[in-house]
Each structure stands twice: as structure tokens, then as C-alpha cells.
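What follows is each chain in one-letter form.
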Amino acid sequence: MDNYSLSYPGKIIFGNGERRQLPSLLPAGAVLVICGRHSRKRIADELLPLLNGRKTELLSDINPEVPISDVIRACDAARRICASAVIGWGGGSAIDCAKAVAALAPCDGNAADYFYGRKKISSKGLFFAALPTTAGTGAEVSGNAVICDPETDIKQSLRGVGMVADLAIVDPELTFNCPPRVTAASGMDALTQGLESLISKKADTVSSALALQAVKRLFFHLEDACRNIPAAREAVAEGSMLAGMAFSSSGLGAVHGIGHPLGSICHIPHGECCALLLPVILKWNRSVCREKLDAIAAELGLADGDALISAITALNGRLGIPANARSYGLSAEKFDFIVRNSRSGSMKCNPRDLSDADIIKILEELQ
Ligand SMILES: [Fe+2]
């Protein structure tokens, strides 16, 4: 039997239209809303009129791959209005920024102190609600916030006590207008998270059950979601949420370990980075998790793990994901930075231990 410890949002609500429950589930007091640019109008039309009488502030200019400076700016806004709740409504960046702000606004010092581990988040922050408008990161159910320091190109997770959302509302309708390229990249992030969770060294009974359901939904429905078919959007939104719940417990693997420094130094969107790395890393992992990959393949109606890896490469092609990282400017002089910054918690969960020389070979395969 596995030993495991599960940590999920206080309340998770899934389904079309469920975003309308949000106002009634917030605590009293001022509200800071951090959203993606495309969500601003919907929030102004649908949410703000229902927060009547409360002090509210809406920040819709958070940059992708969340720079620390945006977290500091949003923390200042939360403190200025004495927010009791922070809402993250958008893609992974808006949600991760809001998650970091809810945790850090009551803390003393600067966000950079916590990002670089000079200080620790030791108590529960402000009430935090997450509503994803892309289906991919699982940020609405995970307890880490991925932040970037553009001055050092370091991209890593901020973690701390009580960072899991108090409330996650996964309303597939919010993803219905997501552009095809973003849908494809986010969905491949979620598929990667499901597969890495299944073969993680820390996989457990619950994470494996959730991850398998996630992988099935994402593998079979992602292409139709990119064509904006509502039933496929719903399946992919649910798959993304399930993958997020799975990896919260099991951790991830080398795709995420290498993907973060690769993405930050070459400026590759996270989902595309995952899609590029996934078949290459699965091939590397194949020798140590042959039975697991064969079993996952069988669940998807494929002959074996090799057929699964080929199917992922073919899916990337149909989704318009580039076949390699050359077009993003990956060159040998960036290898050292990527290797040095790849030894994260995700890397420790990878089923095969990778040496620095192995990582360089993987990067050469991506060129
Ligand atoms: Fe990811």
C-alpha cells in the first residue's frame, strides 16, 4: 500500500455556468481580482455588479510567465485596498500571480525574498479563489505558483503553507473562446502533467486514478477542443483539473524539470515546451517504466508504449506544435544554464535518474 498525503482546494466546483456561484462564496470585505486581458470584459459585466458595496480592484495586465515585479505590484494593490480575498480568473499566469499575492500580501518583506528562499511562507494567506479560462496548468487545484525573475531567467515554483486555493471553480464555458494555439499548448501541458504523474516515482493510488482519467480525456478530446466543440472543451477542462489534482500529490517529472529553464531561456510558452519535450523524455524513461507505459497505451487503445510515444508525436504535428526547439533559438551555449537549473522537485520525481550528460543529449535531440 502507498502512503500519501492529499491537499486540495477547500471546495472544487465543476460545470458549465458554475462561475455564477462565486460572489456568494466569497468572505466579506474588499476583493482584488487578477485576470487575463481577455477576461476583463466578462468580469466587468458578470462579476463586478454582483460585488456591490465592496471595495474592488481589477488588475488585467499581468504578464505571461509571471515576472516577480508583477507579483510585487499586485501585492501592493491587495495591501492598499486591505483585500480579504484575491480572485485569479484567467490562464495559468493570472491564477499563479493571484495565488502568490494571496499568500504574500499578509507577509512582511518583498516577494523576491520568498522566491529565492530567504524567507518562508509560514501561515495561511488571504482567501483565494481560482477560475481557469484555459484548460492546462491545473493551477486552480495545485499548491505552487510558477514565477519568473527576468533578470536572472530563473523560473521556479513559489511554495508555502496554505497556498492551495480555498475555492476552485472550473467552468468549461470560460474556455470556449480560447484560441486554438493556446488550447493546443495548454492541453499538451495537461496531458504531460497526467502522464508524468502516472510514471512519477511518487505516484500513489489516488494520483494514479485521477491521472489516468485525465490522460483519457485529454488524449481523445484535445483536437476537437481546438475546433471549439463544446463537449470536447468540457472533457478537456475536466481532464486538466484532474491532471492538476493528480500531480499535486505525485509531483511531475523531467519534462517539467527541463521545461522550466528551457522555456525561460528560449522564451517558449510552457505548454509548447512540454509538448516538445514529452515524446523525447518518454523515450528516455521507457526502459525503466516499460510496463506502466504499456498499460497506459492499452487504456488508450494503443499497442504498447512505443505506439503511445509515436501517437504523441503525431498529435503534436496535427496540433501545429513545432517538431523541435530550433525555431525558438535553442543552441549549445544555452545548455549549461538549462542543466544547472533543471534540478527541481519535478526532476526528483522522474522515474529515471538523468545525469547532466543525459540532459545535454536530450537537448541535442530537441535541436
Ligand atoms: Fe505544466
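First, a word on what this report is: a plain description of the structure on this page. (Residues numbered from 1 in each chain as written. Predicted model: local features only at pLDDT ≥ 70, side-chain atom pairs only at ≥ 80, totals over all residues. Heavy atoms only, no water.)

A closer look at the side chain of Asp70
Topologically, Asp70 is positioned in helix H3 (residues 68–80). Judged by its relative accessible area of 4%, Asp70 is buried. Beyond its immediate sequence surroundings of up to four residues, Asp70 is in contact with Asp61, Ile62, Asn63 and Cys97. (Helix = DSSP H or I, 4+ residues; strand = E, 2+ residues; numbered from the N terminus. Buried < 20%, exposed > 50% of the residue type's maximum accessible area, 1.4 Å probe, protein only. Contact = heavy atoms within 4.5 Å.)

A short note on the pattern of salt bridges
A complete count under the given rule lists 25 salt bridges for this structure. With its nearest N and O atoms 2.8 Å apart, the salt bridge here joins Arg19 to Glu173. Taken together, the residues Arg19 in the loop between strand E1 (11–14) and helix H1 (22–25) and Glu173 in the loop between strand E8 (167–170) and helix H6 (180–199) connect sequence positions 154 residues apart. Judged by relative accessible area, Arg19 falls into the buried class, the value being 5%. Exposure remark for Glu173: the relative accessible area of 25% places this residue in the partly exposed category. A salt bridge links Asp76 to Arg79; the shortest N-O distance between them is 3.9 Å. Remark: Arg79 and Asp76 occur in helix H3; sequence separation between them is three residues, near one turn of the helix. Connected through shared salt-bridge partners, Arg19, Arg42, Glu46, Asp171 and Glu173 make up one network. (Salt bridge = Lys/Arg side-chain N within 4 Å of Asp/Glu carboxyl O.)

Examining the coordination of the iron ion
Taken together, Asp189 (OD), Gln193 (OE1), His256 (NE2) and His270 (NE2) make up the full set of protein donors to the iron ion, lying 2.1 to 2.2 Å away. Classification of the site at the iron ion as irregular follows from its four donor atoms and the range of 84 to 162° in their angles at the metal. The motif formed by the donor residues of the iron ion, counted along the single chain, is D-x3-Q-x62-H-x13-H. Remark: His270 occurs in helix H10 (residues 270–285) and Gln193 occurs in helix H6; sequence separation between them is 77 residues. Gln193 sits in the buried class, given a relative accessible area of 3%. (Donors = N, O, S within 2.8 Å, 3.2 Å for Na, K, Ca; no water. Tetrahedral: all angles 85-135°; square planar, octahedral: opposite > 155°, others 65-115°.)

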